[in-house]
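# Descriptive structure summary
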Amino acid sequence: MSIPSRLSSYLDERGARYETCLHTHSRCSAQTARTAHVPPHQLAKSVIVEDDDGCVMAVVPADRSVLLGQLSRLLGRKHLRLASEAYIASVFSDCDRGAVPGLGMAWGVETVVDEELDVTEVVYVESGDHEHLLRMSNDQFHELMLAARHGHFCGKRTH
């Protein structure tokens, strides 16, 4: 699978500078980081949450988990929960399940980015499949994320 046209159009319209990196097929972000030889704190993982007001994409380093309470407070939303796989598949129908790029704005999805991604020199983002990553400078990533809210809402993974 190539980069979804919605994502490539979004990146092209903004003049984004990035490289596409091939890696061995992976099933989760931790495995992606290992197979791509990428430090997990540089891999931007998307987590889709929802409530009665709609969905939000939370973007955190791959070695972190979203703290729903903190995210809820940051966004002023009380009942956020993880979105179902079926719902995510319907919104991101042009992406493989579990490989949603951390650039929700390309799909019109409200996006919030954890501040831990502010300190890495390079950021890697899923490309929409399980075998490619987009590599971009921290400056480029943050330029793409200017419209996103930023805050601290992640914690260390417990497993």
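The structure under discussion appears in the preceding block.
Here we summarise the structure given alongside this text.

Analysis parameters
- Residues numbered from 1 in each chain as written.
- Predicted model: local features only at pLDDT ≥ 70, side-chain atom pairs only at ≥ 80, totals over all residues.
- Heavy atoms only, no water.
- Core = buried A, V, L, I, M, F, W, Y, C linked by side-chain atoms within 4.5 Å.
- Buried < 20%, exposed > 50% of the residue type's maximum accessible area, 1.4 Å probe, protein only.
- Helix = DSSP H or I, 4+ residues; strand = E, 2+ residues; numbered from the N terminus.
- Contact = heavy atoms within 4.5 Å.
- Arc of directions from axis to C-beta.
- Polar contact = N/O pair within 3.5 Å; in protein donor to acceptor, adjacent residues only side chain to side chain.
- Pairing = 2+ DSSP bridges.
- Salt bridge = Lys/Arg side-chain N within 4 Å of Asp/Glu carboxyl O.

## Here we look at the nonpolar core
Judged by nonpolar contacts, the single largest core of 30 residues is most densely connected at Leu-7, Val-59, Phe-92, Leu-103, Val-125, Phe-141 and Met-145. Only α1 (5–13), β2 (43–51), β3 (54–61), β7 (122–126), β8 (132–137) and α5 (138–144) provide two or more residues apiece to this core. Beyond its immediate stretch of four places on either side in the chain, Leu-7 contacts Pro-101, Leu-103, Ala-106, Trp-107, Ser-127 and Leu-134. If you look at the next biggest cluster of nonpolar residues, it comprises 12 residues, including Val-49, Ala-58, Leu-80 and Phe-153.

## A short note on α1
Those residues of α1 not exposed but buried are Leu-7, Ser-8, Tyr-10 and Leu-11. The arc that holds every buried residue of α1, seen down its axis, measures 160 degrees, which confines them to one face. Of the exposed residues in α1, the ones pointing more than 90 degrees away from its buried face are Ser-5, Asp-12 and Glu-13. On its buried face, α1 sits against β8 and α5. Looking one or two residues beyond α1, the residue adopting positive phi is Gly-15, at roughly 65 degrees.

## Description of the side chain of His-130
When you line up the elements, His-130 lands in the loop between β7 and β8. A distance of 2.9 Å separates a polar atom in the side chain of His-130 from the backbone oxygen of Ser-26. Looking at His-130, its side chain comes within polar contact range of the main-chain oxygen of Arg-97, at 2.6 Å. Sequence-distant contacts of His-130, defined by excluding residues within four places in its chain, comprise His-23, Thr-24, His-25, Ser-26, Arg-27, Asp-96, Arg-97, Gly-98 and Ala-99.

## Here we look at unusual backbone geometry
Phi is positive for His-37, close to 55 degrees, though the residue is something other than glycine. As for its placement among the helices and strands, His-37 is situated in the loop between α2 (29–36) and β2. Overall, the relative accessible area of 73% leaves His-37 in the exposed class.

## Observations concerning the pairing of β8
Alignment of strand β1 (residues 19–22) against β8, held across four bridges, turns out to be antiparallel. Residue Glu-19 lies in a different strand from β8, and its bridge partner there is Arg-135. One ladder, built from five bridges, connects β7 with β8; its direction is antiparallel. Within β8, the residue paired with Glu-126 across the bridge is Leu-133. Hairpin connection from β7 to β8: five residues lie between these consecutive antiparallel strands, with Gly-128 at a positive phi of about 115 degrees.

## Here we look at helix α3 (residues 68–75)
Among the residues of α3, Leu-71, Ser-72 and Leu-75 are the ones counted as buried. The buried residues of α3 occupy an angular sector of 100 degrees when projected down its axis, which confines them to one face. Packed against the buried residues of α3 are β2, β3, β4 (64–66), β6 (110–114) and β9 (149–151). Of the residues trailing α3, Gly-76 is marked for its positive phi of about 65 degrees.

## Focus on the pattern of salt bridges
Taken as a whole and assessed by the stated rule, the structure comprises seven salt bridges. Residues Asp-51 and Arg-77 are paired through a salt bridge, measuring 2.6 Å at the closest nitrogen-oxygen approach. Placement of the pair is Asp-51 in strand β2 and Arg-77 in the loop between α3 and β5 (81–82), with a sequence separation of 26 residues. What makes Arg-77 buried here is its relative accessible area of 11%. A salt bridge links Asp-63 to Arg-64; its shortest N-O distance comes to 3.9 Å. In this structure Asp-63 comes out as partly exposed when scored by relative accessible area, which is 24%. Look at the salt bridges and you will find they share partners, linking Asp-51, Arg-77 and Glu-110 into a network.

By themselves these figures say nothing about function.
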